[in-house]
Amino acid sequence: MTLPAIYICLYLLTIVLFFVKQNWAYKYKKLLIKAHLILLFILLLDIFVVNLKGVWLDRLFVVAFLLTASITFALYSRKLRTLQKIYFGFFLFYPIVAAATFLVDRIMFAVVASPLLFALTVPETKFSSKDYEVREIVGALAPVQLTLVKKGLVTERYIGIINAGELNYGDITGLNILSETKDTTFAIVTSGDKNYKVAFHK
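What you see is a predicted model; the values in this text were computed from it and never measured. (Residues numbered from 1 in each chain as written. Predicted model: local features only at pLDDT ≥ 70, side-chain atom pairs only at ≥ 80, totals over all residues. Heavy atoms only, no water.)

Novice: When you look at the overall build of the chain in this model, what are you seeing that I'm missing?
Specialist: Per the secondary structure count, the chain includes five helices and eight strands. Reading the secondary structure of the chain in the N-to-C direction produces α-α-β-α-α-α-β-β-β-β-β-β-β. Dimensions of the chain along its principal axes, counting C-alpha atoms only, are 65 × 40 × 25 Å. The contacts in the chain between residues at least 6 apart in sequence include a share of 44% that link residues at least 24 apart. If you sum the accessible surface of the chain, you get close to 12,300 Å²; carbon and sulfur atoms cover 67% of it. Side chains of the chain carry 22 positive and 13 negative charges; the gap between the two charge centres is 17 Å. (Helix = DSSP H or I, 4+ residues; strand = E, 2+ residues; numbered from the N terminus. Contact = heavy atoms within 4.5 Å. Areas by Shrake-Rupley, 256 points an atom, 1.4 Å probe, with all protein chains shown as cover. Lys, Arg positive; Asp, Glu negative; His and termini not counted. Charge placed at Lys NZ, Arg CZ, Asp CG, Glu CD.)

Novice: What am I meant to see in the environment of Asn23 here?
Specialist: By secondary structure assignment, the location of Asn23 is in the loop between helix H1 (2-18) and helix H2 (26-48). Through-space distance from the C-alpha of Asn23 to that of Tyr76 is 8.3 Å; in sequence the pair is 53 residues apart.

Novice: Which parts of the structure should I look at to understand the pattern of salt bridges?
Specialist: Here the idea is simple: oppositely charged side chains can pair when their charged atoms come close. Overall, the coordinates contain five salt bridges when judged by the stated rule. Of the charged contacts in the structure, one is a salt bridge between Arg59 and Asp58, with a shortest N-O distance of 3.3 Å. For the pair shown, Arg59 and Asp58 are each scored as buried. Here Arg135 and Glu156 are joined by a salt bridge, their closest N and O atoms 2.8 Å apart. Pair noted here: Arg135 is in strand S3 (residues 132-137) and Glu156 is in strand S5 (residues 155-163), with a separation of 21 residues, a long-range link. Its relative accessible area of 2% is what places Arg135 among the buried residues. For Glu156, a relative accessible area of 6% gives the class buried. (Salt bridge = Lys/Arg side-chain N within 4 Å of Asp/Glu carboxyl O. Buried < 20%, exposed > 50% of the residue type's maximum accessible area, 1.4 Å probe, protein only.)

Novice: For this particular structure, what's the right way to read the nonpolar core?
Specialist: A general feature of soluble globular proteins is that nonpolar side chains tend to end up buried together. Judged by nonpolar contacts, the single largest core of 24 residues is most densely connected at Tyr7, Val63, Phe65, Leu66, Phe88, Leu116 and Leu120. Every element with two or more residues in this core is listed here: H1, H2, helix H3 (57-76), helix H4 (82-104) and helix H5 (106-120). Those residues within four positions of Tyr7 in sequence are excluded, and the remaining contacts are Val63, Leu66, Leu67, Pro95, Leu116 and Leu120. (Core = buried A, V, L, I, M, F, W, Y, C linked by side-chain atoms within 4.5 Å.)

Novice: I tried to follow the pairing of strand S2 (residues 124-128) on my own but got confused; where do I start?
Specialist: Looking down a regular strand, the side chains alternate between one sheet face and the other. Across four bridges, S2 lies against S3 in antiparallel orientation. Looking at S3, one finds that Ser128 is bridged to Glu133. Between S2 and S3, which pair antiparallel one after the other, the connecting turn spans three residues. (Pairing = 2+ DSSP bridges.)

Novice: Honestly, the pairing of strand S7 (residues 184-191) in this entry has me stumped. Any pointers?
Specialist: As defined by bridge partners, strand S6 (residues 172-180) adjoins S7 across seven bridges and the pair is classed as antiparallel. The residue of S7 that forms the bridge with Ile177 is Ala187. If you look at the hairpin formed by S6 and S7, you'll find three residues sitting between the two strands. Adjacent in sequence and paired antiparallel, S7 and strand S8 (residues 194-201) are bridged by two residues, among which Gly192 carries a positive phi angle near 65 degrees.

Novice: I keep staring at a positive patch on the surface and nothing clicks. Help me out?
Specialist: A cluster of basic residues, Lys150, Arg157, Lys182 and Lys202, forms a positive patch on the protein surface. Turning to its location among the elements, Lys202 is positioned in the segment after S8. With relative accessibility at 62%, the residue Lys202 sits in the exposed group. (Patch = residues over 30% accessible without salt bridge, like charges linked within 9 Å, V, L, I, M, F, W, Y side chains within 5 Å.)

Novice: Whenever I open this one, a nonpolar patch on the surface confuses me. Can you help?
Specialist: Together, Phe41, Leu44, Leu45, Ile47, Phe48, Val49 and Val50 give the surface a local cluster of nonpolar side chains, amounting to about 710 Å² of exposed area. Looking at where Val50 falls in the secondary structure, it is placed in the loop between H2 and strand S1 (51-52).

This is the structure we're talking about:
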């Protein structure tokens, strides 16, 4: 939870800046908006075209994307156009709304804030080799799942997932890919002194 904690601290700083009555230099506004648009482009590539390698890089881009938007609104809300106020203001007030729902109902909080929490939560790597990683994903409402990822040079490809309940694992010490089809990858997962034949489904 280190990354969410860092985001929350920096976000609270933007709230403070929002109430500071000061005329900030116009050049910083243009720089923040350009940086935000570049980060948006990178995230769209990461979501729809390629997957950035590792579990930290894309989360850091998400944090930077959120903060550039909220800082833009906090510093220049009086100088933004109407549509810009709506867009950038969303990133400043959405976390407040998400936190407020926690006081109403914890379940409602999990539903509303789950996209933000999922984006900032770093999956635990259970096994890593030169070509593959097995990661544990814990959702707010979903069961614990294991996902198989194939590494590239600077990108990665999600092969499939299984429910963690399908095998009684502790530390995963080995992974042997048996065969692959269009939708399923069969593998032998070694945990402790036992081997489990599993199927990762897309």
